[in-house]
Amino acid sequence: MNRKKIAIVAGTRPEVIKMAQVYHVLKTSDILEPVFISTAQHRQMLDQALRIFSIVPDFDMDIMQAGQTLTDLTARLLSAWKDYFSKSKPDAVLVQGDTTTVLATSIAAFYERIPIGHIEAGLRTYNFDAPFPEEMNRRLTDPISKWCFAPTKCSYDNLIREGVNPASCFITGNTVIDSLLWMRERLTKDNISAFEMAKKCGISEDFAREFLSGKKRWILVTGHRRENFGGGFENICAAIKGIADKYEDVGIVYPVHLNPNVQEPVNRLLAGHERIALIKPLSYEDFIWFMDKSFFVLSDSGGVQEEAPSLSKPVLVMRDTTERPEGVEAGTCELVGTDVAKIMSSASRLLDDGAEYRRRAMLKNPYGDGTACLKIKEILEKAFVC
Ligand code: UD1
Ligand code: UDP
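As the structure is a prediction and not an experimental result, all values here were calculated from the model.

Caption draft 1: Spatial organisation of the pattern of salt bridges. The tally for this structure, following the rule as stated, stands at 36 salt bridges. The partner of R324 in a salt bridge is E323, with the nearest N and O atoms 3.1 Å apart. Take R324: its relative accessible area is 5%, and that puts it in the buried class. Two residues, E381 and K377, come together in a salt bridge whose shortest N-O distance is 3.7 Å. Taken together, the residues span about one helical turn, with E381 and K377 both in helix α17 (residues 372-385) at a distance of 4 residues. Taken individually, E381 and K377 each receive the classification buried, so the pair is uniform in this respect. Each of K18, D98, E120, E135, R138, R139, E306, R319, E323 and R324 takes part in a single network of salt bridges with overlapping partners.

Caption draft 2: Up close: the pairing of strand β9 (residues 250-255). With 6 of its 6 residues buried, β9 lies for the most part within the structure. The alternating pattern of β9 places V250, I252 and Y254 and G251, V253 and P255 on opposite faces, both of which are buried. Relative to β9, strand β8 (residues 217-222) is paired through 4 bridges, and the arrangement is parallel. Among the inter-strand pairings, W218 is bridged to a residue of β9, identified as G251. This β-α-β element, β8 to helix α10 (residues 231-246) to β9, shows right-handed connectivity.

Caption draft 3: Representation of the nonpolar core within the structure. Ranked by internal contacts, the top residues of the largest apolar core, which has 62 residues, are L94, I203, L212, V253 and F290. For L94, the contacting residues outside a window of four places in its chain are I6, A7, I8, V9, M19, V22, L26, G117, I119, F149 and L380. Judged by nonpolar contacts, the second largest core, of 30 residues, contains I219, C237, F295 and L316.

Caption draft 4: Summary view of the UniProt feature "domain: UDP-N-acetylglucosamine 2-epimerase" (unreviewed entry) in the protein chain. According to UniProt, the feature "domain: UDP-N-acetylglucosamine 2-epimerase" (unreviewed entry) maps to residues 26-381 in the numbering used here. For residues 26-381, the helix share is 47%, the strand share is 14%, and the end-to-end C-alpha distance is 9 Å.

Caption draft 5: How the structure looks around the packing of helix α8 (residues 194-201) against helix α12 (residues 284-293). Look at α8 against α12: their axes get within 12 Å of each other, and the N-to-C directions meet at 130°. Taken together, the axis directions place α8 and α12 in an arrangement best described as oblique. α8 and α12 meet at a crossing whose hand is left-handed. Residues A194, M197, K200 and C201 of α8 form the contact with α12, whose participating residues are D286, W289 and F290. Partitioned by chemical class, the residues of the contact of α8 with α12 number 5 nonpolar, no polar and 2 charged.

Caption draft 6: Focus on the side chain of S283. Relative to the helices and strands, S283 resides in the loop between β10 (276-279) and α12. Its relative accessible area of 11% is what places S283 among the buried residues. Sequence-distant contacts of S283, that is, excluding residues within four places in its chain, are made with Q48 and I52.

Caption draft 7: Focus on the site of ligand 2. Residues in close proximity to ligand 2 total 15 residues, the closest being R13, L282, S301, G303 and E307. The side chain of E307 places a nitrogen or oxygen atom 2.5 Å from an oxygen atom of ligand 2. Contact with the protein chains hides 94% of the accessible area of ligand 2, taken as 540 Å² for the molecule alone. Among the elements of the structure, α1 (13-26), α12 and α13 (302-307) are those that each provide at least two residues to the shell around ligand 2. Across the shell around ligand 2, the residue classes tally to 7 nonpolar, 5 polar and 3 charged.

Caption draft 8: Seen up close, unusual backbone geometry. Of the consecutive residues A130 and P131, the connecting peptide bond is found in the cis state with omega at 0°. As for its position among the elements, P131 is in the loop between β5 (116-119) and α5 (134-141). A positive phi angle is found at A40, which is not glycine, with a value near 55°. As for its placement among the helices and strands, A40 is situated in the loop between β2 (32-38) and α2 (44-52).

Caption draft 9: Structural detail: a nonpolar patch on the surface. A surface patch of nonpolar side chains, about 260 Å² in accessible area, is lined by F128, M136 and L140. Assignment of secondary structure puts L140 in helix α5. L140 sits in the partly exposed class, given a relative accessible area of 44%.

Caption draft 10: Representation of the sheet that holds β5. Strand order in this open sheet of 7 strands is β3-β2-β1-β4-β5-β6-β7, and the pairing throughout is parallel. Two strands in the sheet have a free side with no partner beyond their single neighbour: β3 (59-60) and β7 (169-171). Sheet topology note: the strand β4 (residues 92-96)/β5 ladder contains 4 bridges and is parallel. Counted as the bridge partner of V93 is I116 from β5. Against the sheet, helix α3 (residues 70-87) makes contact with β1 (4-10), β2, β3 and β4, and its axis sits at roughly 145° relative to β2, the strand it touches most.

Caption draft 11: Main features of the site of ligand 1. With respect to spatial proximity, 24 residues lie near ligand 1, and among them Q41, H42, Q44, Q65 and E134 are the closest. Within the backbone of R43, an N or O atom sits 3.3 Å from an oxygen atom of ligand 1. At a separation of 3.1 Å, an oxygen atom of ligand 1 approaches a polar side-chain atom of R225. Across the complex, the protein chains shield 95% of the 750 Å² of accessible surface that ligand 1 would expose by itself. Looking at the shell around ligand 1 residue by residue, the class counts come to 8 nonpolar, 12 polar and 4 charged.

Parameters and conventions
Residues numbered from 1 in each chain as written. Chains lettered and ligands numbered in written order. Predicted model: local features only at pLDDT ≥ 70, side-chain atom pairs only at ≥ 80, totals over all residues. Heavy atoms only, no water. Salt bridge = Lys/Arg side-chain N within 4 Å of Asp/Glu carboxyl O. Buried < 20%, exposed > 50% of the residue type's maximum accessible area, 1.4 Å probe, protein only. Helix = DSSP H or I, 4+ residues; strand = E, 2+ residues; numbered from the N terminus. Pairing = 2+ DSSP bridges. Right-handed = clockwise from strand over helix to strand, strands pointing away. Core = buried A, V, L, I, M, F, W, Y, C linked by side-chain atoms within 4.5 Å. Contact = heavy atoms within 4.5 Å. UniProt positions renumbered as here; feature names shortened; annotations may be inferred. Axes fitted to C-alpha atoms, helices over the stretch in contact; angles between N-to-C directions. Parallel < 35°, antiparallel > 145°, perpendicular 65-115°, else oblique. Left-handed = near helix turned anticlockwise from the far one by under 90°. Nonpolar A, V, L, I, M, F, W, Y, C, P; charged D, E, K, R; others polar. Near = heavy atom within 4 Å. Polar contact = N/O pair within 3.5 Å; in protein donor to acceptor, adjacent residues only side chain to side chain. Areas by Shrake-Rupley, 256 points an atom, 1.4 Å probe, with all protein chains shown as cover. Patch = residues over 30% accessible without salt bridge, like charges linked within 9 Å, V, L, I, M, F, W, Y side chains within 5 Å.

So, in structure tokens, the structure goes:
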């Protein structure tokens, strides 16, 4: 029997990280044939992630433009999909998460009557302003998907409450855990020193000696949410500088997202501080090394909220709301928004109160057991055999 062609689509860094093992696992199927399609909504950050997972896309749309608007990006994606589908029609399309790539791909596939599988379905804040525009993207994708792969019971319940057909909904765990477990195993084998890592990532030897070598504590920072652009980022930077100024024995490592709306305020407000290392986005491999060695994480990222509980790292989430309540319930994640005083007081509590830190740094994993990709493969195989 001819294997069914399954298009695995990724446009941004987190989509690659969360789709990589889906691709590798589907490759082992006798029934399904995965085809990896990169929209390249991100260029450098996507390529960096693809390299780590040894994936060479079968097709690359090369969409990214510097400073792209959401409308232009969506229009270019729809047009690229029209061209693609006019030449090649997969038997199903798999999308992951809530980016513009996800929504545009789903609309294009829906118009072509190609079945859609949505990985990481059912995440909700029920606030269209946060995260913007991601809440809208996922809310529109789920009802037109034939398979909704919910990572947790909570996300599954959201789908059922919204009236999505229960026969389309599956709890699989989050594929991010599959990638994380694979990466931890690889890092254990490699055992790179703090000085080698610092050199590789453009961090000074002095900073490495003072902080990364394990003598003093340091905090890992990431941030990129659109709803935080402008005033939110000014506040985030003020809080980071406030922490670095208050604690002379604490370092900060900040791999800065390539979005110009992030680069500009971060470089203007934080460059040159002796205890703040501003660096380029890290490869997934290096990022997990840094997260594993950090004291805690300050971030507005979705993926980081999912990874941190498995690495016993508290996260101060610089958002007012989250679609990932499991990490907050586990005690690992705390919503701190973008208020300078709130970020600083929550950071101080973790730095000053050992008992509180230990309570929050307990090993927990509400997001899966590393078998999400296998479950997705089995569900799809069953669908195509029946
Ligand atoms: C996008 C997603 C967001 C996801 C995030 C992951 C949307 C609307 N946003 O946000 O959901 O959480 O990716 O990081 O889908 N840039 C580069 N090189 C890169 C990547 C980005 O230069 O490799 C710059 C470009 O100027 C680009 C800009 O960043 O135009 C914005 O990229 P875009 O994908 O539109 O938004 P993100 O903020 O990255
Ligand atoms: N990440 C990475 N390098 C970095 C920062 C983050 O590889 O410098 C990884 C991180 O481990 C997580 C994912 O990228 O898996 C999160 O991506 P991002 O924060 O850009 O997007 P989000 O998860 O918020 O959609």
